[in-house]
Amino acid sequence: MNLQQLRYVHEVARQGLSISAAAEALFTSQPGVSKQIRQLEQELGIEIFRRQGKRLVAVTEPGRHVLAIAARLLGELDNLRQVGAEYSSESAGSLTIATTHTQARYVLPPVIHAFMARYPDVRLSLRQVSPTRGCELVVAGEADLVIATEAVAETPELVSLPCYEWNRCVIAPLGHPILDTSPLSLEAIARWPLVTYDSAFTGRGLINRAFRARALEPRIVLTALDADVIKTYVRTGLGIGLIARMAHDPETDQGLGVADASHLFDTSLTRIGLRHKAWLRGYVHAFIECFAPHLTRRVIERALSETGSTFSI
């Protein structure tokens with residue numbers, strides 16, 4: 001048994017049981033992957049994957065246990081590399097952050113600017129993805145952390161750390177009647193065509209629940225993945241917009257008025273997601289604390305040592 005075999009079975013499972021995709025990801029050949037998996041199965045005396053001909057079609061019950069152990073061992077191997085890198089070069093390395101458009105566009109720029117001024121030798125990569133995809137990247141070891149509102153707390157392989165709370169606002173072209181509605185209500189919003197986020201993003205579930213609780217059916221004419229697209233269509237007169245409050249910028253959103261809607265919806269919580277038992281380099285701790293000052297190194301290390309996936313400050 002060797003680490004290469006564990007990498008192969010782990011990658012095959014991650015690639016949806018596709019040996020060809022796993023071989024491509026690992027820069028090796030399909031026959032080599034198949035051979036190593038067979039050798040591991042023979043040594044363990046079990047089948048890790050169920051087959052139909054030459055195709056892998058399912059993970060067996062013992063195979064699920066093998067894959068879980070392989071993931072833990074490979075994670076610890078990565079931790080060993082991180083320890084070596086930390087003490088051989090404390091201020092150089094790489095940091096990959098998976099996050100959504102709202103965070104990348106409206107929240108992270110000053111944080112990243114301050115971080116890069118402090119750690120100029122760190123190669124920072126920002127991957128703008130859906131919350132679910134961001135969690136998958138961290139679980140797979142392709143990102144160091146995910147910043148999102150959705151999915152993080154529901155991903156059991158991640159430790160979920162609370163960062164900050166936020167709510168929503170309504171935007172409309174200047175002079176639109178909705179901007180003069182006082183007090184602003186869900187009933188008033190529901191009278192107008194509405195442009196808002198796609199169901200996978202930025203607290204859309206809370207929006208839906210608020211309207212359902214009042215037996216209202218908003219006229220959603222367009223959904224988008226980010227606030228900039230929503231603003232574009234609001235400017236054309238397609239409808240009023242409902243966006244995250246931090247996504248409204250008075251300087252750049254000229255021609256658009258804003259009405260606070262925080263009293264109409266439950267507060268959303270943006271979180272950071274980290275792999276369980278991950279060993280983080282010093283500059284990763286520094287980035288997190290710059291983004292959320294209450295998440296000190298001591299707090300994070302304590303959270304990573306806990307068995308639960310959701311951590312409360």
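Computed from a predicted model, the values in this text were never measured in an experiment.

Visitor: Is there a simple way to think about the sheet that holds strand 4 (residues 122–128) in this case?
Guide: Pairing between the strands of a sheet comes from backbone hydrogen bonds, and it takes one of two forms, parallel or antiparallel. Pairing in this open sheet of five strands is mixed, and the strands run 4-3-5-12-6 from one edge to the other. In this open sheet, the two strands that pair with only one neighbour each are strand 4 and strand 6 (158–166). On average, adjacent strands in this sheet sit at an angle of 20° to one another, irrespective of strand direction. Relative to strand 4, strand 3 (residues 93–99) is paired through seven bridges, and the arrangement is parallel. Pairing of Leu 95 across the sheet is with Leu 124, part of strand 4.

Visitor: What's the story with the sheet that holds strand 10 (residues 240–244) in this structure? I'm lost.
Guide: One open sheet accounts for five strands, arranged 9-8-10-7-11; its pairing is mixed. Looking at which strands have only one partner, the edges of the open sheet turn out to be strand 9 (219–224) and strand 11 (256–260). Strand-to-strand twist in this sheet, taken as the mean axis angle between neighbours without regard to direction, amounts to 30°. Judged from the five bridges that link them, strand 8 (residues 193–197) and strand 9 form a sheet pairing that is parallel. If you follow Tyr 197 over to strand 9, its bridge partner there is Ala 224. The strands touched by helix 8 (residues 204–213) within the sheet are strand 7 (168–173), strand 8, strand 9 and strand 10, with strand 8 carrying the most contacts at an inclination of about 145°. Most of the contacts of helix 9 (residues 227–235) go to strand 10, to which it runs at about 160°, and overall it touches strand 7, strand 8, strand 9, strand 10 and strand 11.

Visitor: Please explain the packing of aromatic side chains as it appears in this structure.
Guide: We describe a pair of aromatic rings using the distance from one ring centre to the other and the angle between the two ring planes. Under the defined criterion, the tally for this structure stands at five aromatic pairs. Judged by centre distance (5.5 Å) and plane angle (85°), the ring pair of Phe 115 and Phe 287 falls under edge-to-face. Here Phe 115 is found in helix 5 (residues 101–118), whereas its partner Phe 287 is found in helix 10 (residues 282–291), with 172 residues between them in sequence. Accessibility classification places Phe 115 together with Phe 287 in one group, the buried group. Geometrically, the ring pair formed by Tyr 119 and Tyr 283 is tilted, given 6.2 Å between the ring centres and 55° between the ring planes. Placement of the pair is Tyr 119 in the loop between helix 5 and strand 4 and Tyr 283 in helix 10, with a sequence separation of 164 residues. In this pair, the class of Tyr 119 matches that of Tyr 283, namely buried.

What counts and how
Residues numbered from 1 in each chain as written. Predicted model: local features only at pLDDT ≥ 70, side-chain atom pairs only at ≥ 80, totals over all residues. Heavy atoms only, no water. Pairing = 2+ DSSP bridges. Helix = DSSP H or I, 4+ residues; strand = E, 2+ residues; numbered from the N terminus. Axes fitted to C-alpha atoms, helices over the stretch in contact; angles between N-to-C directions. Contact = heavy atoms within 4.5 Å. Phe/Tyr/Trp six-rings, centres within 6.5 Å; stacked < 30°, edge-to-face > 60°. Buried < 20%, exposed > 50% of the residue type's maximum accessible area, 1.4 Å probe, protein only.

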